[in-house]
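# Residue-level structural notes
Chain by chain, the residues run as shown.
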Amino acid sequence: EIWRVRPLLDGKAIIKELDLPKGPLVGVYLDDQTRWMLLNPTGTKEDCVAHLHERKRAREQEICAETAQGKDDIVVDDQNELTVGIANSEGHSSPIGGDAVWSNGTKHLSKKIRAENSINL
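Residue numbering note: each chain is counted from 1, following its sequence as written. At least 70 in pLDDT is required for a residue's local features to be given in this predicted model, at least 80 for side-chain atom pairs to be given and counted, and no such filter applies to totals for whole chains, interfaces and linings, which use all residues. Values shown for side chains rest on all heavy atoms present in the structure; no hydrogens or waters enter the calculation.

### Section: the environment of R57
We count a stretch as a helix when DSSP gives it H or I for four or more residues in a row; a strand needs E for two or more, and each element gets its number in order from the N terminus. In this fold, R57 is placed in helix α3 (residues 45–68). Partly exposed describes any residue whose relative accessible area lies between the buried limit of under 20% and the exposed limit of over 50%, with all areas from a 1.4 Å probe on protein chains only and scaled to the type maximum. The exposure class of R57 is partly exposed, given its relative accessible area of 33%.

### A word on the confidence of the model for the chain
Residues with a pLDDT of 70 or more make up 56% of the chain, whose mean pLDDT is 74. Counting interchain partners and residues more than four positions distant, the pLDDT-below-50 stretch residues 94–99 has 17 contacts. When the criterion is pLDDT under 50, residues 106–121 qualifies, and its contacts beyond four places in sequence or with other chains add up to 58 contacts. Confidence of the prediction at every residue is given by pLDDT, a number between 0 and 100. Contacts are residue-level and defined by heavy atoms, with any inter-residue pair within 4.5 Å sufficient.

### Points about unusual backbone geometry
Positioned with a positive phi, D19 is a non-glycine residue whose angle comes to about 55°. Residue placement: D19 occurs in the loop between α1 (11–18) and α2 (24–39). On the basis of relative accessible area, D19 is assigned to the exposed category, the value being 67%.

### Topic: the nonpolar core
Remark: nonpolar core denotes a set of buried residues (Ala, Val, Leu, Ile, Met, Phe, Trp, Tyr, Cys) joined through side-chain atoms within 4.5 Å. Counting residues in each nonpolar core, the largest one holds ten residues, listed as L9, I14, L18, L20, Y29, W36, M37, C48, V49 and L52. For this core, the elements supplying multiple residues, two or more each, are α1, α2 and α3. Apart from residues lying up to four places away in sequence, M37 is in contact with V5, R6, P7 and L8.

### A short note on the side chain of R59
Relative to the helices and strands, R59 is located in helix α3. For R59, a relative accessible area of 16% puts it in the buried group. Setting aside chain neighbours within four positions, we find R59 in contact with V28, Y29 and D32.

### Some words on the pattern of salt bridges
Salt bridge criterion: a side-chain nitrogen from Lys or Arg within 4 Å of a carboxyl oxygen from Asp or Glu. A full pass over the atoms with the stated rule returns four salt bridges. The closest approach of N and O atoms between D32 and R59, which form a salt bridge, is 2.7 Å. With D32 in helix α2 and R59 in helix α3, the pair connects residues that are 27 residues apart, well separated along the chain. Several salt bridges share partner residues, and in doing so they unite D32, R35, R55 and R59 into one network.

In structure tokens form, the structure reads like this:
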């Protein structure tokens, strides 16, 4: 009688809980929820939300890792942030790790951005 079980969250609730844009990605999390509910028949709504947040974080880290692959000036940390090196006026990028000053006196700034906003790097 599994077909009678109602989802713990509908699409609107998932959008709100996970701060997602409307679109096909919501369906991915609805599928994740269904799988989780089948594996955890006595699980609570709060447990499901925690699972979905963990899945979102894992997906974001996968996307960041794929995006950063082969790019030496991008570092992905464990808090879903990217540190992107910004080149000086001569087109050279300094090592990541804070502000750096070049030999000619120009300053290099690294910029941290959230993973959700950095998919198109």
